[in-house]
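Descriptive structure summary
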Amino acid sequence: MRTVRYIMVAALLSTGLLGTVTAAAENMSVLPLRVVHADLPLPGKPDQAYVPIDQQSTGKAPLKKDTNRFDYESIDPQRQLLFISHLGADSVDVVDLRNNRVIANIKGVPAVHGVLAVPELDEVFANATAINQLEVISEKTLHIIAHVPTGVHPDGMAYAPKVHELFISDETGQTETVVDTRNHRRVATIAMGGEVGNSQYDPVSQLVFADVQTRNEIVAIDPRSNAIVQRYRLPDTCVHDHSLLIDAPARLAFVACDGNARLLLLNMRDMHVLSVHKTGRHPDVLAFDPGLQRLYVASESGVVAVFQLKGKQLRLLGRNYLAYEAHSVAVDPQTHRVYFPLQNVNGHGVLRIMAPML
């Protein structure tokens with residue numbers, strides 16, 4: 001995910017003015033979501049109020065670390081566990097979705113960004129970006145069991161089950177690190193030619209696809225050879241393609257362009273752009289509910305967009321400001337509930353639990 005600097009603006013958040021200004025600026029409509037549980041407190045110290053420095057007229061205010069900043073989420077639907085990268089607290093929060101209870105706070109993952117649960121391995125992988133290292137967590141014990149070196153600024157991840165390999169996007173290092181999950185060893189480093197955003201595995205083509213955001217490309221990697229097999233240039237309607245999600249059965253891909261707040265719908269058969277849609281500023285994490293065919297786009301601006309997929313067409317169901325820095329989202333394919341870790345609700349980090357309005 002994007003690295004963002006912060007400055008303190010307590011008045012905006014305490015009065016709710018930031019949300020009002022954001023909503024007015026981005027032409028909002030009502031979100032088709034409802035809160036179904038009281039906000040769940042997440043571990044971490046209370047925060048003061050911050051907004052991205054690019055939203056301010058001056059960058060001279062003091063900068064401070066936001067201890068409740070979150071990043072990626074990953075759900076193990078078998079165990080009904082939600083893993084949340086608690087970036088500011090250098091830990092991974094674990095939530096039992098059956099009773100909406102935090103059951104663990106796995107410490108010692110400095111500046112954690114990407115987190116990925118792989119149920120068939122009984123393991124969770126977390127990228128400790130501050131030390132350029134992959135941490136391997138046992139789902140049985142919820143403890144770190146191995147460490148693997150990565151490239152510079154490891155971020156998103158994808159798992160290729162046929163070869164038992166994990167592909168890690170090294171954003172600043174401009175590489176893709178490949179880890180053999182059978183022995184927890186790095187087996188390859190692939191030069192990508194630019195900053196790497198998200199990576200996704202496509203079970204149909206059995207290729208790994210990655211955003212090379214500074215080249216506005218999607219790059220295909222063959223896990224059998226750990227080599228690049230194709231580069232696809234995106235049109236000018238996309239600036240800085242950071243986020244990627246694949247709907248393999250439909251042969252579709254969703255690409256979020258955080259440089260110009262756009263979402264692309266791509267045909268995976270020829271990588272042709274089928275449609276372009278507006279999102280909140282700086283779109284970040286994508287989540288897709290295959291049962292309801294709904295796509296959720298969370299953004300650094302706190303604006304969430306919800307789309308309905310029908311065939312090869314996307315229809316906007318709603319786009320609105322949810323909360324400060326609501327840039328991460330996960331959806332449970334079994335219950336259809338949607339999870340947003342929010343770093344500053346009355347000074348505290350919480351998990352907001354919502355359900356779709358049908």
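Within each chain, residue numbers correspond to sequence positions counted from 1 in written order. Note on the predicted model: pLDDT of at least 70 is required for a residue's local features to be given, and 80 or more for side-chain atom pairs to be given and counted; whole-chain, interface and lining totals, by contrast, use all residues. Neither water nor hydrogens contribute to the side-chain values; these are computed over all heavy atoms in the structure.

As a further point, take the sheet that holds strand β6 (residues 81-86). Note on pairing: DSSP must find at least two bridges between two strands before they are called paired. Per the convention used, a helix needs a DSSP run of H or I reaching at least four residues, while a strand needs a run of E reaching at least two, with both numbered from the N terminus. Strand order in the open sheet made by the four strands is β5-β6-β7-β8, with antiparallel pairing throughout. Only two strands of the sheet have a single neighbouring strand rather than two, namely β5 (73-76) and β8 (101-107). Across the sheet, the mean angle from the axis of one strand to that of its neighbour is 20°, orientation sign disregarded. Across six bridges, the pairing between β6 and strand β7 (residues 91-96) is antiparallel. When the bridges of β7 are listed, Ser-85 appears paired with Val-92. Every angle, taken between N-to-C directions, lies between 0 and 180 degrees, and every axis is a line fitted to C-alpha atoms, over only the stretch in contact when it is a helix.

With that settled, consider the nonpolar core. Where a protein is soluble and globular, its nonpolar side chains tend to be buried together. Only buried residues count toward a nonpolar core, which is a set of Ala, Val, Leu, Ile, Met, Phe, Trp, Tyr and Cys residues joined through side-chain atoms within 4.5 Å. Burial classes: relative accessible area under 20% of the type maximum marks a residue as buried, over 50% as exposed, and values in between as partly exposed (1.4 Å probe, protein chains only). With 19 residues, the main nonpolar core has Leu-33, Tyr-296, Leu-322, Val-329, Val-338, Phe-340 and Leu-342 as its most contacted residues. Those elements giving two or more residues to this core turn out to be β25 (283-289), β26 (294-299), β27 (303-310), β30 (338-345) and β31 (348-356). Core analysis: the next-biggest nonpolar cluster, separate from the first, contains 17 residues, Leu-234, Ile-246, Ala-248 and Cys-257 among them.

Time to look at the pattern of salt bridges. Close approach of charged atoms lets side chains of opposite charge pair. The salt bridge criterion pairs a side-chain nitrogen of Lys or Arg with a carboxyl oxygen of Asp or Glu, the two atoms within 4 Å. Evaluated as defined, the whole model comprises 13 salt bridges. The closest approach of N and O atoms between Asp-122 and Lys-140, which form a salt bridge, is 3.9 Å. Placement of the pair is Asp-122 in the loop between β9 (112-118) and β10 (123-128) and Lys-140 in the loop between β11 (133-138) and β12 (144-149), with a sequence separation of 18 residues. Arg-231 is the salt-bridge partner of Glu-217, the closest N and O atoms lying 2.7 Å from each other. You can see Glu-217 sitting in strand β19 (residues 217-222) and its partner Arg-231 sitting in strand β20 (residues 227-233), a full 14 residues away along the chain. Via salt bridges that share partners, Asp-76, Arg-79, Asp-122, Glu-139 and Lys-140 belong to a single interconnected network.

Right, let's talk about the state of the cysteines for a bit. Disulfides are defined in this document as cysteine sulfur pairs within 2.5 Å. As enumerated under the stated definition, the model contains one disulfide in all. Residue Cys-238 pairs covalently with Cys-257 via a disulfide, S to S 2.1 Å. Disulfide Cys-238-Cys-257: torsion about the S-S bond near -110°, hence left-handed. Here Cys-238, found in the loop between β20 and β21 (241-247), pairs with Cys-257, found in strand β22 (residues 252-257); they are 19 residues apart in sequence, far enough to count as distant. Classification of Cys-238 as buried rests on a relative accessible area of 1%.

What follows covers the side chain of Asp-332. Among the secondary structure elements, Asp-332 is positioned in the loop between β29 (330-331) and β30. Residues counted as positive are Lys and Arg, residues counted as negative are Asp and Glu, and His and the chain ends are not counted. Buried charge Asp-332 goes without a salt bridge, the closest partner of opposite sign being Arg-337 at 7.8 Å. Nitrogen and oxygen atoms within 3.5 Å of one another constitute a polar contact, given that in protein one can donate a hydrogen and the other can accept it, and given that sequence-neighbouring residues count only through two side-chain atoms. A distance of 2.9 Å separates a polar side-chain atom of Asp-332 from the backbone nitrogen of Gln-334. The criterion used for residue contact is that any of the two residues' heavy atoms lie within 4.5 Å. The residues touching Asp-332, leaving out its near neighbours within four places in the chain, are Ile-75, Gln-80, Leu-97, Arg-337 and Tyr-339.

Before going further, it helps to examine the side chain of Ser-85. Structurally, Ser-85 can be placed in strand β6. Among the polar contacts made by the side chain of Ser-85, one reaches the main-chain amide nitrogen of Tyr-72 at a distance of 2.8 Å. When residues no more than four places from it in sequence are discounted, the contact partners of Ser-85 are Arg-69, Phe-70, Asp-71, Tyr-72, Ser-91, Val-112, His-113 and Val-115.

Let us now look at the layout of surface pockets. Each cavity reported here is a set of points on a 1 Å grid over the protein atoms alone in which a 1.4 Å probe fits but cannot get out, each pocket an open set with protein on both sides within 12 Å along at least five of seven lines, and each lining residue one with an atom within 4 Å of a point. Grid points are joined across faces, edges and corners, and a volume is the space filled by probe spheres set on the points. Of the pockets and cavities examined, the largest pocket occupies roughly 1300 Å³. Forming the walls of the largest pocket are 39 residues, and the residues nearest its centre are Ser-74, Ile-75, Leu-116, Gln-200 and Leu-245. Listed by contribution, the elements that provide at least two residues to the lining of the largest pocket are β5, β9, β13 (154-160), β17 (196-202), β21, β25 and β29. Broken down by class, the residue content of the lining of the largest pocket amounts to 28 nonpolar, seven polar and four charged. Gly counts as polar in this scheme, as do all residues outside two lists: the nonpolar Ala, Val, Leu, Ile, Met, Phe, Trp, Tyr, Cys and Pro, and the charged Asp, Glu, Lys and Arg.

Relative to the elements of secondary structure, Glu-165 occurs in strand β14 (residues 165-170). The spacing of Glu-165 and Asp-180 is 15 residues in sequence and 4.7 Å in space, taken between C-alpha atoms.

All right, on to the sheet that holds strand β23 (residues 262-267) then. Pairing within the open sheet is antiparallel, and its four strands lie in the order β21-β22-β23-β24. With partners counted over all chains shown, the strands left at the sheet margins are β21 and β24 (272-278), one partner each. Strand-to-strand twist of the sheet, defined as the mean angle between neighbouring strand axes without regard to direction, takes the value 20°.

With seven of seven residues buried, β17 lies mostly within the body of the structure. Pairing geometry for β17 and strand β18 (residues 207-212), over five bridges, is antiparallel. Across the sheet, Gln-200 pairs through a bridge with Phe-209, a residue of β18. Between β17 and the antiparallel strand that follows it, β18, lie four residues; Gln-206 among them carries a positive phi value of about 60°.

Attention now goes to the confidence of the model for the chain. pLDDT gives the predictor's per-residue confidence on a scale running from 0 to 100. When pLDDT is averaged across the chain, the result is 90; 86% of the residues are at 70 or more. Contacts from residues 49-64, a stretch scored under 50 in pLDDT, to residues over four places away or in other chains number 47 contacts.

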